[in-house]
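# Fold and contact review
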Amino acid sequence: MPKKPSKSPAGKGPRTPARKPARVAAKRPTAASKAVSKAISKAAPDLNQERIVLALETIAAHLSAQGKPAAEPESFDRADAYVWHPDGRLSAVPAVSRVELFLLKGVDRMRDILMENTERFAGGLPANNALLWGARGMGKSSLVKAAHASINADRKPADKLKLIEIHREDIETLPALMEQLRASSFRFIVFCDDLSFDGNDASYKSLKAVLEGGIEGRPENVILYATSNRRHLLAREMIENERSTAINPGEAVEEKVSLSDRFGLWLGFHRCSQDEYLAMVRGYCSHFDIKVDDEALEREALEWSTTRGSRSGRVAWQFVQELAGRLGVKLTAQ
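Procedures and definitions
- Residues numbered from 1 in each chain as written.
- Predicted model: local features only at pLDDT ≥ 70, side-chain atom pairs only at ≥ 80, totals over all residues.
- Heavy atoms only, no water.
- Core = buried A, V, L, I, M, F, W, Y, C linked by side-chain atoms within 4.5 Å.
- Buried < 20%, exposed > 50% of the residue type's maximum accessible area, 1.4 Å probe, protein only.
- Contact = heavy atoms within 4.5 Å.
- Axes fitted to C-alpha atoms, helices over the stretch in contact; angles between N-to-C directions.
- Helix = DSSP H or I, 4+ residues; strand = E, 2+ residues; numbered from the N terminus.
- Parallel < 35°, antiparallel > 145°, perpendicular 65-115°, else oblique.
- Left-handed = near helix turned anticlockwise from the far one by under 90°.
- Nonpolar A, V, L, I, M, F, W, Y, C, P; charged D, E, K, R; others polar.
- Pairing = 2+ DSSP bridges.
- Phe/Tyr/Trp six-rings, centres within 6.5 Å; stacked < 30°, edge-to-face > 60°.
- Salt bridge = Lys/Arg side-chain N within 4 Å of Asp/Glu carboxyl O.
- pLDDT = per-residue confidence, 0-100.
- Expected span 1.5 Å × (residues − 1).
- Polar contact = N/O pair within 3.5 Å; in protein donor to acceptor, adjacent residues only side chain to side chain.

Here the focus is the nonpolar core. Grouped together as the largest cluster of nonpolar side chains are 48 residues, with contacts concentrated most on Leu114, Tyr277 and Val281. Among all residues touching leucine 114, those that are not within four sequence positions of it are Ala130, Leu132, Leu143, Val144, Ala147, Tyr225 and Leu267. With 27 residues, the next largest nonpolar core counts Ile166, Phe186, Val190 and Phe263 among its residues.

Glancing now at the packing of helix 8 (residues 274-287) against helix 10 (residues 313-327). Axis angle and axis distance: for two packed helices, these are the angle between their axes and the distance between the axes, and together they describe the pair. Between helix 8 and helix 10, the shortest axis-to-axis distance is 9 Å and the interhelical angle comes to 40°. In terms of orientation, helix 8 and helix 10 fall into the oblique class. Where helix 8 crosses over helix 10, the handedness of that crossing is right-handed. Between helix 8, through Tyr277, Met280, Val281, Tyr284 and Cys285, and helix 10, the contact on the second element is made entirely by Gly313, Val315, Ala316, Trp317, Phe319, Val320 and Leu323. A breakdown of the residues in the contact of helix 8 with helix 10 according to their chemical character gives 11 nonpolar, 1 polar and no charged.

Two modes of strand pairing occur in sheets, parallel and antiparallel, and in both the strands are linked by backbone hydrogen bonds. Taken in spatial order, the 7 strands of this open sheet run 2-1-4-5-6-3-7, and their pairing is mixed. Each of the sheet's edge strands pairs with one partner strand only, and the pair in question is strand 2 (90-92) and strand 7 (265-269). On average, each strand axis in the sheet is inclined to that of its neighbour by 25°, with strand direction left out of account. In this structure, strand 1 (residues 81-84) lies alongside strand 4 (residues 161-165), joined through 3 bridges in parallel fashion. By the bridge assignment for strand 4, valine 83 is matched with glutamate 165. Set on the sheet, helix 2 (residues 108-122) makes contact with strand 3 (130-134), strand 4, strand 5 (187-192), strand 6 (222-228) and strand 7; between it and strand 7 the angle comes to about 150°. The strands touched by helix 4 (residues 174-182) are strand 1, strand 2, strand 4, strand 5 and strand 6; relative to strand 5, the strand with the most contacts, the crossing angle is about 165°.

Further remarks concern the packing of aromatic side chains. Across all of its chains, the model carries 5 aromatic pairs by this definition. Considering the side-chain rings of phenylalanine 288 and tryptophan 317, the 5.8 Å spacing of their centres and the 50° angle between planes classify their relative orientation as tilted. Placement of phenylalanine 288 in the loop between helix 8 and helix 9 (294-308) and of tryptophan 317 in helix 10 is noted, with a sequence separation of 29 residues between them. Taking the centre distance of 6.1 Å and the plane angle of 55° together, the rings of tryptophan 304 and phenylalanine 319 count as tilted. Taken together, the residues span a long stretch of sequence, with tryptophan 304 in helix 9 and phenylalanine 319 in helix 10 at a distance of 15 residues. The class of phenylalanine 319 is buried, set by a relative accessible area of 2%. Ring-pair connections join several aromatic residues into one group, and the members of that group are Phe76, Tyr82 and Phe188.

Evaluated as defined, the whole model comprises 13 salt bridges. Among the ionic pairs, lysine 162 bridges to aspartate 80, the shortest N-O distance being 3.1 Å. With lysine 162 in strand 4 and aspartate 80 in the loop between helix 1 (31-66) and strand 1, this residue pair connects regions lying 82 residues apart in the sequence. Overlapping salt bridges, with partners in common, bring together Asp80, Lys160 and Lys162 in one network.

Glancing now at the confidence of the model for the chain. Averaged over all residues, the pLDDT of the chain equals 78, while 64% of them reach at least 70. Confidence, expressed as mean pLDDT per element, reaches its minimum in the chain at helix 6 (residues 236-245) with 52 and its maximum at strand 4 with 96. Note that pLDDT drops below 50 for residues 8-13; the model gives that stretch 1 contact with residues more than four away or on any other chain. The low-confidence segment residues 67-74 (pLDDT under 50) makes 7 contacts with residues lying over four places distant or belonging to another chain.

A few words now on helix 9. Helical geometry: 3.6 residues make up each α-helical turn, so side chains three or four residues apart lie on a common side. An ideal rise of 1.5 Å per residue puts 21 Å on 15 residues; helix 9 measures up with 21 Å between its terminal C-alpha atoms. Turning to helix 9, its buried residues are Ala296, Leu297, Ala301, Leu302 and Ser305. Taken together, the buried residues of helix 9 touch helix 8 and helix 10. Between a side-chain oxygen at the N-terminus of helix 9 and the backbone nitrogen of glutamate 295 the separation is 3.2 Å; the capping residue is aspartate 293. Where helix 9 ends, the next residue or the one after it, glycine 309, has phi of about 75°, a positive value.

Here it is in structure tokens:
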């Protein structure tokens, strides 16, 4: 029996294969886009070259800073005092700002101890690092500079002590300074004025390693003198904070307080009495030949200290400067 032709669905014709969607023709670049692409392609090599040059200049600058030659021992013949810079330079100080040792009143005991320690060091004998701490304006830094000048007074140029000042904020570079001084034939006092640490400042660890405990240790020809208003160099709140927050408060406090223990010599400076203050004023007036009636001098000096709220060597010197300026006297030694 012959097969009937299959019927297609109503309203629909015979099935045809599905057509693939026509491809969207790629847009041809316009003249404007061609110009932009051409400009970018031309600028790219120039930009890359500029970046490479800039990077090479930066690297060269860093290498130049790191590769600066250390100061030669012969360079210390230029002066008796220098200032250390963190980039490795030592700048000579032709004239140190200081007062004569005999003008420092009320610090006789501290003066004698520091002078004896400094003389031993200058003579090549063992001596201790010294921490001069206590009341402000009582001549701590003046004593260090005066002791250095007094020791050098009668010494030959080859035997003179060199004074190197390092600023408080540059303490982290102290090991680099020690490396420069170690090779020299001279002997050095490294001096840091107003040394103290606050907050989370961890640079005191560099100082601890140099004083004692480092693998190289302090060079035999270097001694450290520091001044501070604090006996332990750290603010009380730092120590109290360690007690309240550390896992082991005792160990944390010991770690911070141990810094001052590494100075073998502690010299405490306390507020002077009225008689010591007046002796300072009279000593300055005599030295600079400021002629004034003693009764008037005493009255004005006490009034000056009252307005300043303290008695100290610094206050006495400030009063003498005021008095000399008023009388038209120049502060040059007679």
